[in-house]
Every structure is written in C-alpha cells, then in structure tokens.
Amino acid sequence: DQQVKQNSPSLSVQEGRISILNCDYTNSMFDYFLWYKKYPAEGPTFLISISSIKDKNEDGRFTVFLNKSAKHLSLHIVPSQPGDSAVYFCAASASNNAGNMLTFGGGTRLMVKP
Amino acid sequence: ETGVTQTPRHLVMGMTNKKSLKCEQHLGHNAMYWYKQSAKKPLELMFVYSLEERVENNSVPSRFSPECPNSSHLFLHLHTLQPEDSALYLCASSQDGPSGGADTQYFGPGTRLTVL
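These figures come from a predicted structure and were not determined experimentally. (Residues numbered from 1 in each chain as written. Chains lettered and ligands numbered in written order. Predicted model: local features only at pLDDT ≥ 70, side-chain atom pairs only at ≥ 80, totals over all residues. Heavy atoms only, no water.)

Enquirer: Just give me the short version of the overall build of chain B, but keep the residues and values in it.
Expert: Looking only at helices and strands, chain B has 0 helices and 11 strands in total. In chain B, the succession of α and β elements from N to C terminus is β-β-β-β-β-β-β-β-β-β-β. Computed over C-alpha atoms, the radius of gyration of chain B comes to 14 Å, within 12% of the 13 Å expected from 2.2 N^0.38 for 116 residues, which places it in the range of a compact globule. Partitioning the contacts of chain B with sequence separation of at least 6, the portion at a separation of at least 24 is 55%. Here chain B has roughly 5500 Å² of accessible surface; of this, 49% comes from carbon and sulfur atoms. (Helix = DSSP H or I, 4+ residues; strand = E, 2+ residues; numbered from the N terminus. Rg over C-alpha atoms; globule rule 2.2 N^0.38 Å. Contact = heavy atoms within 4.5 Å. Areas by Shrake-Rupley, 256 points an atom, 1.4 Å probe, with all protein chains shown as cover.)

Printed below as a string of structure tokens:
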C-alpha cells in the first residue's frame, strides 16, 4: 500500500497562472515533507520542504501547505513559468526512522504552456 | 566535480552479465542511498548506508548487492538480473543528524539500466 500518493499523474497550466500540485499521505508518523523536481535524464532536485510543526513554508514562487488533520500537502507555484515544466515528486520522512529514509509519491507531470 | 555523480549514465546488459553501478558524492555527507525508479511507479528506496553501515535493506532481491567502501562512494553490483529490473537507478546522499531526522537528500543524475 502506497503511503504517499500523488493522485494526479499530470497537470497542464497556462504561463503566469498558479500551479497546484497535491499529495496525500497515510502514515501519521511522517513529520517532514519535501518536494522534488525532476527533468528528463536528470536526478530529482530538492525544491522546498516543510516540517509538521508548520502549516506553510514559502520560498520565492514556491509555497508548500501542510494540512496535518487531512494528511494532505500541496505545492503552489505562482506565477508558473515554462521552465517549471517537469515531474514533481512529494516525499515524506519520519524522524524516528534511522537513516533518514524518504517515501516518495508517484509524481505529477506539470506542463506549463507559453 | 560537484554534487552527486553516477557512472555509467546508460547501461545495457544481458541476464547473465555482471556489472556495477558507481556513485560518488562530493558534498561531505555521511549517508548514501540507492533508489529504483520504474516506469509508472513511485521511487523505491533500495539501500541506505549511514556512516558506511547499511541501515535498511527493504527486501531487495539478492541479485542486487550494494557496497559502501567509504562515505563518498557507493556501488551497486548487479548479477543475473531480469528484464523487469530495467529502470532508472538513482543514488542520493544526505547529512544525517545524530538523532536521525529528516535532512535533504541530493540526487545524482541516475543510471538508465536496460536488461535484455
């Protein structure tokens, strides 16, 4: 059973508009969440993270929101740019895990149209 | 070289071959990871090495054998693989805190493996 799910395999957005990528998790022990961005033929690159003690973290055009009661997080990109077109993975970690293991969602492919 | 590097970037092998994937991190981290990314499946953690000791195995088949000779290098030895093992194999590294916890993992570009 997948503990981290990204239910939308793809998302298409017009340049300049907001992109909202969603992620749900089932493990209540997760207390740290990350978003990664992946271009073809490259490894995932870290984008932004949030600890469970917060409900929002912002970095430039990227904002991550965490709703612990719903076990849901989302990544907002505004304004969206064509260079944001990539696959976005959310990942989660529990601080009682040895070795800092991350559990990843299946990814959402974002396409930003000029 | 900076960050996390992986070689080779592409590998095609037969089911009877033996090959190795190499990962090197230049970030001074103390933990390294192997992940497998198959088409239409989530990224799967295969192995974790923290301070050069294996922490998690995740029930990976024995035809995959990891080796971590030091904190900067990680290998994945492959033998008698199956076609379904064809995937992108990603290496990552992080700096583990003393109480575990979550630190950002930095990924290499991956090795695209095809098993014929």
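Enquirer: So what about empty space enclosed by the protein? Which residues, and what values?
Expert: All names here are of chain B. Enumeration over the complete set of coordinates arrives at 1 cavity of 30 Å³ or more. Taken as a whole, the largest cavity holds about 30 Å³ of empty space. In terms of lining residues, the largest cavity is bounded by Asn30, Ala31, Met32, Tyr49, Leu51, Glu52, Cys68 and Ser71. Across the lining of the largest cavity, the residue classes break down as 5 nonpolar, 2 polar and 1 charged. (1 Å grid on protein atoms, 1.4 Å probe; cavity = no way out; pocket = protein on both sides within 12 Å on 5 of 7 lines; lining within 4 Å. Points joined across faces, edges and corners; volume = space filled by probe spheres on them. Nonpolar A, V, L, I, M, F, W, Y, C, P; charged D, E, K, R; others polar.)

Enquirer: Before we move on, can you summarise the interface of chain B and chain A with the specific residues and values?
Expert: Opposite the 24 residues of chain B that make contact, chain A presents 22 residues. Roughly 1700 Å² of surface becomes buried between chain B and chain A when both sides are summed, with 61% attributable to carbon and sulfur atoms. For the pair chain B and chain A, the interface holds 0 salt bridges. Where chain B packs against chain A, one counts 2 residue pairs in polar contact (both at pLDDT 80 or more). Among the secondary structure elements, those contributing two or more residues to the side of chain B that touches chain A are β4 (31–37), β5 (44–50), β6 (53–56) and β9 (87–94) of chain B. Taken together, the residues of the side of chain B that touches chain A sort by class into 12 nonpolar, 8 polar and 4 charged. (Buried area = accessible area lost by both parts, 1.4 Å probe. Salt bridge = Lys/Arg side-chain N within 4 Å of Asp/Glu carboxyl O. Polar contact = N/O pair within 3.5 Å; in protein donor to acceptor, adjacent residues only side chain to side chain.)

Enquirer: Would you mind going over the side chain of A:Gln6 in detail, with residue names and values included?
Expert: Residues and elements named next belong to chain A. For Gln6, the position within the fold is in the loop between β1 (4–5) and β2 (10–14). A distance of 3.0 Å separates a polar atom in the side chain of Gln6 from the backbone nitrogen of Gly107. Among the polar contacts listed, one links the side chain of Gln6 to the side chain of Thr108, at a separation of 3.5 Å. Discounting chain neighbours no more than four positions away, the residues touching Gln6 are Asn22, Cys23, Trp35, Tyr88, Phe89, Cys90, Gly105, Gly106, Gly107 and Thr108.

By themselves, these are just geometric observations and shouldn't be taken as functional.
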